[in-house]
Amino acid sequence: MFKKKRLFFIGGIIFIFFMCSFISSFAKEDEKAKTIKVGYPNLGKYESVRDDDYKTGYGYEYLQKISSITGWEYEYVYGSFDELEEKLEKEEIDLLGYLLPSEGNNKNYNYSDYPEGKEVFFIYVKAESSEYFTKSNEKALEGKKIGVLSDSYQSKLLEGWLGAYDLDAEVKNYKDDTILKEDFEKGLLDGIVSSNITADKGMVSVASLGNSEFYYGVAKNKTDVLEELNRALYKINVEEPYYNDTIYERYSIDENANNKLNYEEEAWLKKNNNTVRIGFTNENMPYSDTEDQEKKRIEKNNKNAQEKSYKINPEKSMGVISAIIDILENDFGINVEVYAYNTTLEMTNDFDNGKIDIFGPLFGDYWLGEKYGHIDSKNISEGTISVLYDNKTTFSKDLLKNIVVSETSMIQLGMCKVIYSDAEVTYAPSMRECIKMITDNPDKGYCTVVTTSKLSALKKYPEMDNINVTEVNGINDNKEGICFGVQRGEVQLLSIFNKAVSLCSNSLIINTSTEVNAYSLGDILRRNFSKVFGILMLILIFLALMFLFYIRFTILNKRALEEANIKIEKSRALAEEANNAKTVFLFNMSHDIRTPLNAIIGLTNLAQKHMDDSEKIKHYLKDIRYSGNHLLDVINSVLELAKIENGKAVLKERPTDISEFKDGIYAIFCNMAAEKNIDLFVEENITRPFLYIDKPKMEEILLNIINNAIKYTNEDGKIKVEILQKILDEDYCLTTLIVSDNGIGMSEEYKEHMFESFTRERTWESDNVQGTGLGLSIVKSYVDLMGGSIEVDSKVGCGTTIRIILKNKLAKGELNDDLEQEKIRKKVNFDNIRILLAEDNDLNAEIAGELLKDAGIEVERVKDGIECVEKIKDRKAHYYDMVLMDVQMPHLDGYGATAKIRKLDDENKSEIPIIAMTANVFEEDKKNAYDAGMNGHISKPIDVQILFEIINRFC
């Protein structure tokens with residue numbers, strides 16, 4: 001009962017799971033993302049696209065933000081801004097951004113309720129000419145050519161600004177922003193009006209005209225899109241009120257980020273001997289430090305016994321200040337004097353006394369700057385505040401009432417003045433001493449405060465192992481600024497320094513933090529000596545055990561490896577021998593082919609000498625035909641060897657007159673035996689000559705055995721061939737083939753390997769005999785396939801006798817090829833039969849044509865597949881009774897021609913019988929013919945009987 005309940009419970013869960021999946025699949029279908037056609041102008045940092053379709057920019061990022069809320073997918077439509085705005089009015093696109101509000105909303109599209117962003121418009125000039133223009137010298141634009149988009153919001157701003165300063169500039173109006181920027185690049189304009197989002201690199205602003213919010217435009221007919229867009233913009237404004245400011249800062253051009261100084265800045269430098277004096281405190285990485293001081297602190301175990309201030313080579317500076325100094329020197333060509341300090345007091349005294357112009361790093365705060373007589377520079381870093389305290393102490397806000405501060409850190413002092421003004425401050429000579437005071441006095445509840453970016457620089461101190469870190473809130477949205485201070489009133493110096501800060505990479509703090517984050521090997525060993533020692537001991541023990549195991553393994557396996565090497569050497573020798581045998585096979589293969597070929601050539605020569613003797617000619621032609629068929633069988637047998645080795649060889653038994661073998665043996669081997677003066681005898685004892693046998697395979701057996709007998713029998717020797725028959729019953733008999741010679745014989749050792757492929761016995765007599773080493777292997781394979789047996793008697797110097805015994809089925813009647821062909825000719829009337837022969841070889845075409853014409857068949861020939869198809873098309877249906885199609889033809893092969901014929905509209909033409917007549921004779925070739933749409937297959941050389949049988953079947 002319990003099992004039934006459990007099964008019912010499990011089944012219920014599975015049912016619910018599949019139902020949920022089923023329902024969710026429908027839900028997903030209903031929730032397909034909406035595709036929005038959005039205009040995509042290529043406008044500077046607003047929206048840009050590369051040749052590889054990579055997109056970026058303010059507008060592109062905003063679209064992805066909206067997509068994360070609405071689930072929209074976008075289809076981007078590219079073009080100039082004017083073209084896209086026109087498409088929006090024609091409702092050819094759904095959405096377009098960066099639209100400024102028009103008076104009276106006279107546009108034929110709807111605006112979004114909330115702005116996409118806000119931009120500031122400037123007059124820009126090229127960087128190389130910016131030294132002639134400044135934001136405080138508007139008169140420099142008098143009479144200059146300024147380009148602006150016509151009838152635009154910025155054109156109105158420009159008109160108002162020129163009027164306010166009573167300037168007479170030559171304003172050039174453009175309808176296309178692309179052409180406007182091209183003329184500016186060509187130097188046809190002195191200035192251009194653009195925003196800090198769409199302006200390009202290399203532009204420097206010289207006048208601020210005003211700002212404006214920009215919106216999205218939605219096609220009039222897309223009210224649903226407008227509603228979704230407004231909801232998304234509302235969600236962004238409510239949940240992420242600073243999102244617009246964040247991406248604006250990322251994509252807008254920093255107005256200070258250019259390496260050109262204006263003439264006012266140049267004038268300040270000239271007045272001050274082109275020199276800027278910068279002071280910084282050491283041990284403030286990643287912001288500032290010196291290489292020498294870092295080394296001395298390590299050598300003195302962090303005891304600051306050095307002088308309190310000193311002038312250094314700028315190249316010795318480290319951290320962010322090093323990058324800023326590099327820009328001041330190399331980009332602006334300024335001579336920078338650098339002073340390093342080990343106490344903040346000495347640095348502030350020198351600043352107050354005018355010995356240095358810029359000092360830091362400082363905690364950025366305007367009140368501090370006003371109180372102590374300096375102006376804050378642009379932030380070199382922004383980040384959160386972290387509290388460091390003893391790891392035995394639990395963090396609470398009360399910890400922040402007792403803060404330890406390093407005498408080298410103006411940043412910590414600033415934090416205590418501004419954020420933790422109620423705290424009791426204790427001073428330590430260095431940052432490391434701060435940490436040691438915390439860990440050495442856990443009962444006093446000391447802590448210290450640092451910027452989070454500084455944590456990586458402190459990790460090298462071993463005391464940090466006993467320190468906990470907690471991130472806390474500051475006063476500026478958790479983004480406390482780190483900066484440098486400039487003498488109040490030095491406006492041009494501040495501008496120069498800010499430009500250098502702006503030109504620094506945004507990833508500068510990350511890079512410098514990474515540099516100081518790495519521990520030295522000495523730090524690791526010193527801080528973790530016991531752990532490292534323990535690990536080293538474990539490694540040594542492990543290595544010792546591994547060494548002992550290796551010795552044991554080597555001893556135990558030495559003998560096994562030696563035995564394996566011996567086996568490998570034997571295998572290599574056998575493989576080499578097999579390869580050599582195959583190589584010999586490739587060189588000697590022609591021998592087996594030359595045997596019947598020799599008979600054909602010899603008999604042809606005899607026939608030419610006895611042209612007047614018809615009986616001899618008839619006899620010679622009969623023997624030539626027999627030898628030719630045998631040559632074909634030899635070639636097929638060589639290919640058959642591959643089938644034998646792959647287990648694909650099959651018997652094809654047909655009624656055969658075995659009494660013909662005697663004449664065939666004489667025809668092939670008579671001349672060969674005569675060349676060595678060998679007596680060749682063939683005896684028969686046959687009462688029922690017609691048997692079901694595979695004739696080619698039987699002939700191959702006899703050929704190989706007799707051929708070997710002649711090759712390995714010396715001159716004046718004797719060879720006897722016997723074909724014997726014993727009737728078993730009305731259906732079966734035993735056929736015995738015996739070949740005996742008095743040749744060189746075989747050794748007992750070789751007899752065990754005589755039927756292996758590519759093997760021959762090596763003796764001084766056999767080395768002069770050519771052969772492939774395949775003959776007996778084929779004989780053994782065929783005999784096994786026929787279910788027979790082989791007996792071999794051989795003795796070196798006495799000769800060899802091979803006895804093959806086969807069980808064969810008796811044929812019921814006597815057959816004669818010539819009579820059968822006559823029966824076919826008499827049985828079938830081939831008159832009025834017309835065959836289209838497709839054959840590119842002239843000799844093959846002549847042979848086939850004569851055979852067909854002798855039978856009374858009309859033949860038309862074409863030389864390729866294209867002609868064949870055209871003939872079928874041009875003639876009436878049933879004009880041809882059959883097509884004999886060669887497979888390999890130029891222009892279009894037989895398969896292709898068949899396919900085209902089968903596709904003809906006239907079924908009477910498309911269904912004409914097509915027979916492949918080709919030298920491609922493998923089973924795969926026959927299958928390919930049928931797959932191509934052919935009705936049959938005849939192999940070359942042509943068997944006339946089979947040809948006429950096929951014609952009789954289809955015509």
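An unreviewed UniProt entry lists the protein under the name Stage 0 sporulation protein A homolog, from Acetitomaculum ruminis DSM 5522. For the record of the protein, the UniProt heading Catalytic activity (unreviewed entry) holds the text "ATP + protein L-histidine = ADP + protein N-phospho-L-histidine." In its Subcellular location (unreviewed entry) section, the UniProt record describing the protein reads: "Membrane".

(A) Here's a closer look at the packing of helix H8 (residues 263-271) against helix H16 (residues 491-503). Following both chains from N to C, one finds H8 and H16 inclined at 110°, their axes separated by 9 Å at the closest point. Regarding the angle of H8 to H16, the classification is roughly perpendicular. Residue-level contacts link Glu264, Glu265, Trp268 and Leu269 of H8 to Gln492, Leu493, Ser495, Ile496 and Lys499 of H16. Class assignment of the residues belonging to the contact of H8 with H16 gives a composition of 4 nonpolar, 2 polar and 3 charged.

(B) Region of the structure containing the UniProt feature "transmembrane region" (unreviewed entry) in the protein. UniProt annotation of "transmembrane region" (unreviewed entry) refers to residues 7-27 and 532-551 when read in the numbering used here. Along residues 532-551, the helical share is 100% and the strand share 0%, with 28 Å between the first and last C-alpha atoms.

(C) Fine view of the nonpolar core. One finds Ile278, Ile324, Leu328 and Tyr420 to be the most contacted residues of the largest nonpolar core, which totals 60 residues. Each of domain 2 (275-382 + 479-518) and domain 3 (383-477) accounts for three or more of the residues forming this core. With 53 residues, the next largest nonpolar core counts Ile36, Val38, Ile66 and Tyr109 among its residues.

(D) The arrangement of the environment of tyrosine 40 in detail. Here tyrosine 40 lies in strand E1 (residues 35-40). For tyrosine 40, a relative accessible area of 1% corresponds to the buried category. Each C-alpha atom of the pair tyrosine 40 and tyrosine 78 lies 5.0 Å from the other, and the pair is 38 residues apart in sequence. Separated by 2.9 Å, the side chain of tyrosine 40 and the backbone oxygen of serine 48 make a polar contact.

(E) The packing of helix H2 (residues 58-70) against helix H6 (residues 223-239), seen in detail. Relative orientation of the contacting elements H2 and H6 amounts to 100°, with a least axis distance of 10 Å. Judged by the angle between their axes, H2 and H6 are roughly perpendicular. Contacts between H2 and H6 involve Tyr62, Lys65, Ile66, Ile69 and Thr70 from the first element and Glu228, Leu229, Ala232, Leu233, Lys235 and Ile236 from the second. Its residues assigned to classes, the contact of H2 with H6 shows 7 nonpolar, 1 polar and 3 charged.

(F) Focus on the packing of aromatic side chains. Applying the stated criterion across every chain, the model contains 25 aromatic pairs. With centroids separated by 5.8 Å and ring planes inclined at 75°, the aromatic side chains of tyrosine 40 and tyrosine 78 adopt a geometry described as edge-to-face. In this pair, tyrosine 40 sits in strand E1 while tyrosine 78 sits in strand E4 (residues 73-78), placing the two residues 38 residues apart along the sequence. Taking the centre distance of 6.2 Å and the plane angle of 85° together, the rings of tyrosine 46 and phenylalanine 214 count as edge-to-face. Here phenylalanine 214 lies in strand E11 (residues 203-219) and tyrosine 46 lies in the loop between E1 and strand E2 (48-49), a separation of 168 residues in the sequence. One exposure class covers both tyrosine 46 and phenylalanine 214, and it is buried. An aromatic cluster is built from Tyr46, Tyr58, Tyr62, Phe81, Tyr98, Phe214, Tyr216 and Tyr243, whose rings are joined through pairwise contacts. Against the face of phenylalanine 184 rests lysine 126, its NZ or CZ located 5.8 Å from the ring centre. Across from the ring centre of tyrosine 732, 5.1 Å away, lies the NZ or CZ of lysine 807, which sits over that ring.

(G) Quick look at the pattern of salt bridges. Under the criterion given, the structure shown has 30 salt bridges. Of the charged contacts, one joins aspartate 398 and lysine 401 as a salt bridge, the two residues approaching to 3.7 Å between their closest N and O atoms. Accessibility assignment for this pair places aspartate 398 and lysine 401 in one class, exposed. Its salt-bridge partner being lysine 940, residue aspartate 886 comes within 3.6 Å of it at the nearest N-O pair. Highlighted residues: aspartate 886 in the loop between strand E35 (882-885) and helix H29 (894-902) and lysine 940 in the loop between strand E37 (936-939) and helix H32 (944-954), separated in sequence by 54 residues. With respect to class, aspartate 886 is no different from lysine 940; both count as buried. Salt bridges sharing partners connect three or more residues here, namely Lys34, Asp224 and Glu228.

(H) Seen up close, the pairing of strand E8 (residues 145-149). For E8, the tally of buried residues reaches 4 of 5 residues, placing the bulk of the element in the interior. One ladder, built from 5 bridges, connects E8 with strand E9 (residues 170-174); its direction is parallel. Considered in E9, the bridge of leucine 149 is made with tyrosine 174. A crossover links E8 with its parallel partner E9, the connecting element being helix H4 (residues 153-164), and its sense is right-handed. Where E8 meets strand E10 (residues 191-195), 2 bridges bridge the pair, whose relative direction is parallel. Paired with isoleucine 146 across the bridge in E10 is glycine 191.

(I) Region of interest: the pairing of strand E31 (residues 789-795). Examined bridge by bridge, E31 and strand E32 (residues 799-810) share 7 bridges and lie antiparallel to one another. Residue valine 792 lies in a different strand from E32, and its bridge partner there is isoleucine 802. Between the antiparallel neighbours E31 and E32 lie 3 residues, among them glycine 797 with a positive phi of about 85°.

(J) Spotlight on unusual backbone geometry. Backbone torsion omega between methionine 285 and proline 286 reads 15°, so that peptide bond is classified as cis. By secondary structure assignment, the location of proline 286 is in the loop between strand E12 (275-281) and strand E13 (289-290). In this model, glycine 360 is joined to proline 361 through a cis peptide bond whose omega is 0°. When you line up the elements, proline 361 lands in strand E17 (residues 358-363). Backbone geometry at histidine 891 places phi at a positive 70°, although glycine is not the residue there. Positionally, histidine 891 belongs in the loop between E35 and H29. Look at histidine 891 and you get exposed, because its relative accessible area is 68%.

(K) Highlighting the side chain of aspartate 694. Take aspartate 694: it is sitting in the loop between strand E28 (690-693) and helix H23 (695-711). The residues touching aspartate 694, leaving out its near neighbours within four places in the chain, are Val650, Leu651, Lys652, Glu653 and Met786.

(L) The arrangement of the sheet that holds strand E34 (residues 858-862) in detail. Read from one edge of the open sheet, 5 strands run E34-E33-E35-E36-E37, paired in parallel fashion. Each edge of the sheet is formed by a strand with only one pairing partner; in this case those strands are E34 and E37. Between one strand axis and the next, the sheet turns through 25° on average, direction left out of account. Note that strand E33 (residues 834-838) and E35 share 4 bridges and pair parallel. Looking at the pairing, leucine 837 lines up with leucine 884 of E35. The sheet contacts of helix H27 (residues 842-854) involve E33, E34, E35 and strand E36 (914-918), and relative to E34 the element is tilted by about 165°.

(M) Focus on H6. In this model, H6 (17 residues) spans 24 Å end to end at C-alpha, consistent with the 24 Å of a helix rising 1.5 Å per residue. Buried residues of H6: Val225, Leu226, Glu228, Leu229, Asn230, Ala232, Leu233 and Ile236, and no others. Summarising the contacts, the buried residues of H6 are in contact with E1, H2, strand E5 (95-99), strand E6 (109-111), E11 and helix H7 (243-251).

(N) View of a nonpolar patch on the surface. Taken together, the side chains of Phe533, Ile535, Leu536, Met537, Ile539, Leu540, Phe542, Leu543 and Met546 define a hydrophobic patch exposed on the protein surface, amounting to about 880 Å² of accessible area. Mapped onto the elements, isoleucine 535 comes out in helix H19 (residues 529-588). Taking relative accessible area as the criterion, isoleucine 535 reaches 48% and is therefore assigned partly exposed.

(O) Layout of the environment of asparagine 441. Within the secondary structure layout, asparagine 441 lies in the loop between helix H14 (431-440) and strand E23 (447-451). Within the structure, asparagine 441 has its side chain in polar contact with the backbone oxygen of methionine 437 (distance 2.9 Å).

About the cut-offs
- Residues numbered from 1 in each chain as written.
- Predicted model: local features only at pLDDT ≥ 70, side-chain atom pairs only at ≥ 80, totals over all residues.
- Heavy atoms only, no water.
- UniProt positions renumbered as here; feature names shortened; annotations may be inferred.
- Axes fitted to C-alpha atoms, helices over the stretch in contact; angles between N-to-C directions.
- Helix = DSSP H or I, 4+ residues; strand = E, 2+ residues; numbered from the N terminus.
- Parallel < 35°, antiparallel > 145°, perpendicular 65-115°, else oblique.
- Contact = heavy atoms within 4.5 Å.
- Nonpolar A, V, L, I, M, F, W, Y, C, P; charged D, E, K, R; others polar.
- Core = buried A, V, L, I, M, F, W, Y, C linked by side-chain atoms within 4.5 Å.
- Buried < 20%, exposed > 50% of the residue type's maximum accessible area, 1.4 Å probe, protein only.
- Domains from an automatic or database assignment.
- Polar contact = N/O pair within 3.5 Å; in protein donor to acceptor, adjacent residues only side chain to side chain.
- Phe/Tyr/Trp six-rings, centres within 6.5 Å; stacked < 30°, edge-to-face > 60°.
- Lys NZ or Arg CZ within 6 Å of the ring centre and 35° of its normal.
- Salt bridge = Lys/Arg side-chain N within 4 Å of Asp/Glu carboxyl O.
- Pairing = 2+ DSSP bridges.
- Right-handed = clockwise from strand over helix to strand, strands pointing away.
- Expected span 1.5 Å × (residues − 1).
- Patch = residues over 30% accessible without salt bridge, like charges linked within 9 Å, V, L, I, M, F, W, Y side chains within 5 Å.
- Areas by Shrake-Rupley, 256 points an atom, 1.4 Å probe, with all protein chains shown as cover.

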